[in-house]
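Observations on chain architecture
Spelled out, the chains give:
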Amino acid sequence: MPLTFEVLGGPQRDNALFVKVDTGQSQTRLLFDCGDGCPHQLGPSELREVDHLCFSHLHMDHVAGFDLFFRVNFDRTSKENRIWVPHGSAEIVQNRFRGFMWNLVDEKQPGEWLVTEVAPETVRTTRYLTKEAFRAAHPLSEVARDGCAIFEGDGFTLEAVLLDHGTPSVGYLVREHDRVNVDTAVLAAKGLAPGPWLKRLRGAPAGPGETVEVNGAVHNLAELQREVLVTTRGASIAYLTDFRLTPATADVIVPWLRGVTTVVCESQYRATDADLADAVKHSTSEEVAAMAARAEIGRLILFHFSDRYDAAGRRELLRDAQAVFANATFPDGWW
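A few points on the structure. (Residues numbered from 1 in each chain as written. Predicted model: local features only at pLDDT ≥ 70, side-chain atom pairs only at ≥ 80, totals over all residues. Heavy atoms only, no water.)

Let's shift gears to helix H12 (residues 311-322). In a regular helix each residue adds 1.5 Å, so 12 residues correspond to 16 Å; H12 covers 17 Å between its end C-alpha atoms and thus fits that length. Where H12 is buried, its residues touch helix H11 (285-295), strand E18 (299-303) and strand E19 (328-329). A distance of 3.2 Å separates the backbone nitrogen of Ala312 from a side-chain oxygen at the start of H12, and that oxygen is part of Asp310. (Helix = DSSP H or I, 4+ residues; strand = E, 2+ residues; numbered from the N terminus. Expected span 1.5 Å × (residues − 1). Contact = heavy atoms within 4.5 Å. Polar contact = N/O pair within 3.5 Å; in protein donor to acceptor, adjacent residues only side chain to side chain.)

Turning next to the packing of helix H9 (residues 247-257) against H11. Two numbers describe how H9 lies on H11: the axes approach to 8 Å, and their chain directions differ by 45°. By the angle between their axes, H9 is oblique relative to H11. By crossing handedness, the relation of H9 to H11 is classed as right-handed. Across from Ala250, Asp251, Ile253, Val254 and Leu257 in H9, the residues of H11 making contact are Met291, Arg294 and Ala295. Tallied by class, residues from the contact of H9 with H11 come to 6 nonpolar, no polar and 2 charged. (Axes fitted to C-alpha atoms, helices over the stretch in contact; angles between N-to-C directions. Parallel < 35°, antiparallel > 145°, perpendicular 65-115°, else oblique. Left-handed = near helix turned anticlockwise from the far one by under 90°. Nonpolar A, V, L, I, M, F, W, Y, C, P; charged D, E, K, R; others polar.)

This part is about the environment of Trp256. Assignment of secondary structure puts Trp256 in helix H9. With residues up to four places along the chain from it excluded, the contact list for Trp256 reads Cys148, Glu159, Ala160, Val161, Gly171, Tyr172, Leu173, Arg175 and Leu240. For Trp256, the side chain forms a polar contact with the side chain of Glu159, separated by 2.8 Å.

Here we have 7 strands laid out as an open sheet, ordered E9-E10-E11-E16-E17-E18-E19, and mixed in their pairing. Each end of this open sheet is capped by a strand with a single partner; those strands are strand E9 (149-153) and E19. Sheet contacts for H9: strand E10 (156-164), strand E11 (168-176), strand E16 (236-240) and strand E17 (262-266); angle to E10, the most-contacted strand, approximately 170°. (Pairing = 2+ DSSP bridges.)

A few words on the sheet that holds strand E4 (residues 52-54). With mixed pairing, the 8 strands of this open sheet are ordered in space as E1-E2-E3-E4-E5-E6-E7-E8. Either end of the sheet is taken by a strand with one partner, and the two such strands are strand E1 (3-9) and strand E8 (138-144). The average angle at which neighbouring strand axes cross in this sheet is 20°, direction not considered. Across 3 bridges, the pairing between E4 and strand E5 (residues 81-86) is parallel. Each bridged residue has a counterpart across the sheet, and for Cys54 the counterpart in E5 is Trp84.

On to the packing of H11 against H12, then. The N-to-C vectors of H11 and H12 enclose an angle of 30°; their axes lie 8 Å apart at closest approach. Compared by their axis directions, H11 and H12 come out roughly parallel. Note that H11 runs across H12; the crossing there is right-handed. Between H11 and H12, the residues in contact are Ser285, Glu286 and Ala289 and Leu317, Asp320 and Ala321, respectively.

The biggest cluster of nonpolar side chains holds 58 residues, and the ones touching the most others in it are Phe32, Leu158, Leu240, Leu257 and Leu300. Contact partners of Leu257, with chain neighbours within four places excluded, come to Ala238, Leu240, Val263, Met291, Ala295 and Ile297. Membership of the second largest hydrophobic core comes to 30 residues, among which are Ala16, Cys34, Leu47 and Leu53. (Core = buried A, V, L, I, M, F, W, Y, C linked by side-chain atoms within 4.5 Å. Buried < 20%, exposed > 50% of the residue type's maximum accessible area, 1.4 Å probe, protein only.)

Under the definition given, this model contains 21 salt bridges. Put simply, Glu227 and Lys190 hold a salt bridge, and the shortest N to O gap is 2.7 Å. Placement of the pair is Glu227 in helix H8 (residues 221-228) and Lys190 in the loop between helix H6 (184-189) and helix H7 (197-201), with a sequence separation of 37 residues. You can call Glu227 partly exposed: its relative accessible area is 40%. Here Asp251 ties to Arg294 by a salt bridge, and the two come within 3.2 Å at their closest N and O atoms. Note that Asp251 is positioned in helix H9 and Arg294 in helix H11, a separation of 43 residues in sequence. Sharing partners across several salt bridges, the network here consists of Arg270, Glu316, Arg319 and Asp320. (Salt bridge = Lys/Arg side-chain N within 4 Å of Asp/Glu carboxyl O.)

Attention now goes to unusual backbone geometry. The phi dihedral of Ala133 falls on the positive side, at around 55°, and the residue is not glycine. Backbone geometry at Glu296 places phi at a positive 55°, although glycine is not the residue there. Accessibility expressed as a relative area gives 57% for Glu296, which makes it exposed.

Limitation: the analysis is restricted to geometry and does not speak to function.
If you want it as structure tokens, here you go:
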């Protein structure tokens, strides 16, 4: 599958989500949150390839594993070092950068970090340099948001919504671009031999009257695209954690999640403990299951449970969710 993922951590441990988008020509790795022990599950070699570190928010259980990530990448130049955070959080990230002794760096020290704050209407990026021991914050850009999209990658779009956890918490969604493939059976039936012309066939929609030559014969490109190409909807995965799922919030995120393949969502409490969920701005398993049912998603993966529940309690929590949305489950290996 072009889009793969792994939920990191475990019950009664910090959690995170690792997503990989593979177009066949390139791979993009995204890490959502960085709880204690989570980066260790990936290992240094995989951590060095992470393209985007996307924080929901900066409470301790979501950033406690950052030191290892930063240690292996602080001077990386093979690709951009990109961090995404809720608005108002860049200064906290800068303090994490500066929380080490940098007496041996000089003006030749490589390493550049881009921290982008997601606000309701804008995304603002600030640049920090290893050679400066991260002392200065260099404003780089501030652009208006185009709907929920915050980044266009190779083969995917990264989207975000702001949720309420008493502090802004970012919910993320990775949408793989639709995949366009050639129906080889139709190609053979039409007697068309594969060749370099297929690259144009799979490219942009044909212009008015545009043609393509195949084996010396001229064909109408628009007709070939209609007959030979098969478009498959891309996979998608959302990451939602640490937020209070009120009816008003559900009304906002249900349309956003409509038809999403997989939603990885916090489930801190059972419905019987809804008063606790309300007090600390978390959500219950029944609430997120109802959201999943309304949005008609493919699969709901529950994680980030309260420590008040032992294994038996977590099974009850899951049963509560499945009574509302049948395709609710735990991450693989969490049983």
